[in-house]
Amino acid sequence: MSQPASPIGVFVTPVTPLQQNCTTVWCTATNKAAVIDPGGSVDAVLGEVARRGLTLDQIWITHGHLDHAGGAAEMQEKTGVQITGPQKADQFWIDRIVESGRMYGLPDARPFTPDRWLEDGDRVSLGETTWEVRHCPGHTPGHVIFFNRAARFAQVGDVLFKGSVGRTDFPMSDPPALIRAVVEKLWPLGEDVTFVPGHGPISTFGEERRTNPFVSDAALRSAPIQREPVGPA
Ligand SMILES: [Zn+2]
C-alpha cells in the first residue's frame with residue numbers, strides 16, 4: 001500500500017546566531033517554493049532551494065524580528081520574488097531591524113517593505129497549494145502563522161515552541177493575547193497538526209496541549225501563567 005503523496009515538502013535551515021528555523025515549503029506538484037522567515041544565511045538557503053530542484057516563488061514573513069526577517073530584503077534583491085506578511089502592526093519591529101541587528105551582532109540585517117500585508121483569515125497560494133493565515137499577536141503585535149490544512153502542517157514562528165511559548169517581555173508584547181492566540185487560533189486547527197516553531201524542534205498541537213507547561217489544557221485549567229518564558233527572541 002502506498003501512501004498518497006504529500007501536497008507539500010518542507011525543509012528547515014537554522015539561521016543567525018539565534019538559530020531561527022528558516023523554513024522552506026513547496027508545492028510538490030509544481031516545485032514552487034516559499035521561504036518563510038529568511039533571517040539570514042540567504043545564499044545558503046537559496047543554494048539548497050536550487051539543489052533540490054525547487055523554484056523560489058515567494059518570501060513569507062511571520063513577524064518583524066530581525067532573526068526572522070533581517071535577510072528578506074537581500075533575498076528579494078537576489079531573486080525578485082514578492083514578500084508577503086506579516087500583519088501591518090509589525091511595522092514597529094521592521095523599523096527596528098537595523099538597531100536590533102547592532103544589538104545582536106547582525107550588522108547585515110536590513111528592513112524591507114512587504115509587497116502584501118496579511119490579515120487574519122487571509123489565504124496565500126503557492127503553486128497548487130493554499131495556505132491559511134491566522135493573526136496571532138502577543139509576542140509581537142503583527143505576528144501571523146501559515147497553515148496548510150490538507151497537509152496538517154503549520155509554521156507558527158515565535159507564537160508556540162515545543163514546551164514553551166514566545167517571549168512577551170518586549171515592547172508591544174501582550175502576554176494574555178499570546179495565550180489567547182494559542183488557544184483560539186492554533187488549537188482549533190487540530191491536535192494532529194505538525195508545526196515548525198521559530199526555534200527548536202518540531203512538535204504537534206496535540207502534544208503541546210498535553211505537555212506544554214504554559215498552554216497545556218491542564219495548565220490553563222489550574223492557574224494563570226505565573227512566569228515569563230525564557231527563550232529565544
Ligand atoms: Zn520573535
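This one's a predicted model, so the numbers in the text were calculated from it and none came from an experiment.

Caption draft 1: Representation of the overall build of the protein in the model. Helix and strand content of the protein: eight helices and 13 strands. A compact globule built from 233 residues should have a C-alpha radius of gyration of about 17 Å, and the protein, at 17 Å, falls within 12% of that. Over its C-alpha atoms, taken along the principal directions, the protein stretches across nearly 55 × 50 × 30 Å. Taken over 233 residues, the protein has a buried fraction of 53%. Across the protein, the fraction of contacts at a sequence separation of at least 24, relative to all contacts at a separation of at least 6, is 61%. If you sum the accessible surface of the protein, you get close to 10,000 Å²; carbon and sulfur atoms cover 51% of it. Taking the average place of the 21 positive charges on the side chains of the protein and the average place of its 27 negative ones, the gap between the two points comes to 4 Å.

Caption draft 2: Up close: the environment of I8. For I8, the position within the fold is in strand β1 (residues 8-15). Relative accessible area serves as the criterion here: at 9%, I8 is assigned to the buried category. Taking the C-alpha atoms as reference, I8 lies 6.7 Å from V25; in sequence the two are 17 residues apart.

Caption draft 3: Structural view of the nonpolar core. M75 and F112 are the most contacted members of the largest nonpolar core, which totals 26 residues. With four residues, the top contributor of residues to this core is helix α1 (residues 42-51). Beyond its immediate chain neighbours, meaning those up to four positions away, M75 contacts V35, P38, V42, V45, L46, L56, I59 and G80.

Caption draft 4: Local environment of the pairing of strand β2 (residues 20-27). When you tally the buried positions in β2, you get eight out of eight residues, the bulk of the element. Alternating residues of β2 divide into Q20, C22, T24 and W26 and N21, T23, V25 and C27, and every residue in both groups is buried. By the bridge criterion, eight bridges tie β1 to β2 in an arrangement that is antiparallel. Counterpart to I8 in the pairing with β2 is C27. What sits between β1 and β2 in their antiparallel hairpin is a turn of four residues, with T16 showing a positive phi close to 70 degrees. Bridging between β2 and strand β3 (residues 32-36) involves four bridges; their strand directions are antiparallel. Pairing of T23 across the sheet is with I36, part of β3. Hairpin geometry of β2 and β3 is characterised by an intervening segment of four residues between the two adjacent antiparallel strands and by a positive phi of about 65 degrees at N31.

Caption draft 5: Spatial organisation of the UniProt feature "domain: Metallo-beta-lactamase" (unreviewed entry) in the protein. Under the UniProt annotation, the feature "domain: Metallo-beta-lactamase" (unreviewed entry) is placed at residues 19-199. Along residues 19-199 the backbone is 25% helical and 28% strand, and the end-to-end C-alpha distance reaches 6 Å.

Here is what the cut-offs are and how they apply
- Residues numbered from 1 in each chain as written.
- Predicted model: local features only at pLDDT ≥ 70, side-chain atom pairs only at ≥ 80, totals over all residues.
- Heavy atoms only, no water.
- Helix = DSSP H or I, 4+ residues; strand = E, 2+ residues; numbered from the N terminus.
- Rg over C-alpha atoms; globule rule 2.2 N^0.38 Å.
- Buried < 20%, exposed > 50% of the residue type's maximum accessible area, 1.4 Å probe, protein only.
- Contact = heavy atoms within 4.5 Å.
- Areas by Shrake-Rupley, 256 points an atom, 1.4 Å probe, with all protein chains shown as cover.
- Lys, Arg positive; Asp, Glu negative; His and termini not counted.
- Charge placed at Lys NZ, Arg CZ, Asp CG, Glu CD.
- Core = buried A, V, L, I, M, F, W, Y, C linked by side-chain atoms within 4.5 Å.
- Pairing = 2+ DSSP bridges.
- UniProt positions renumbered as here; feature names shortened; annotations may be inferred.

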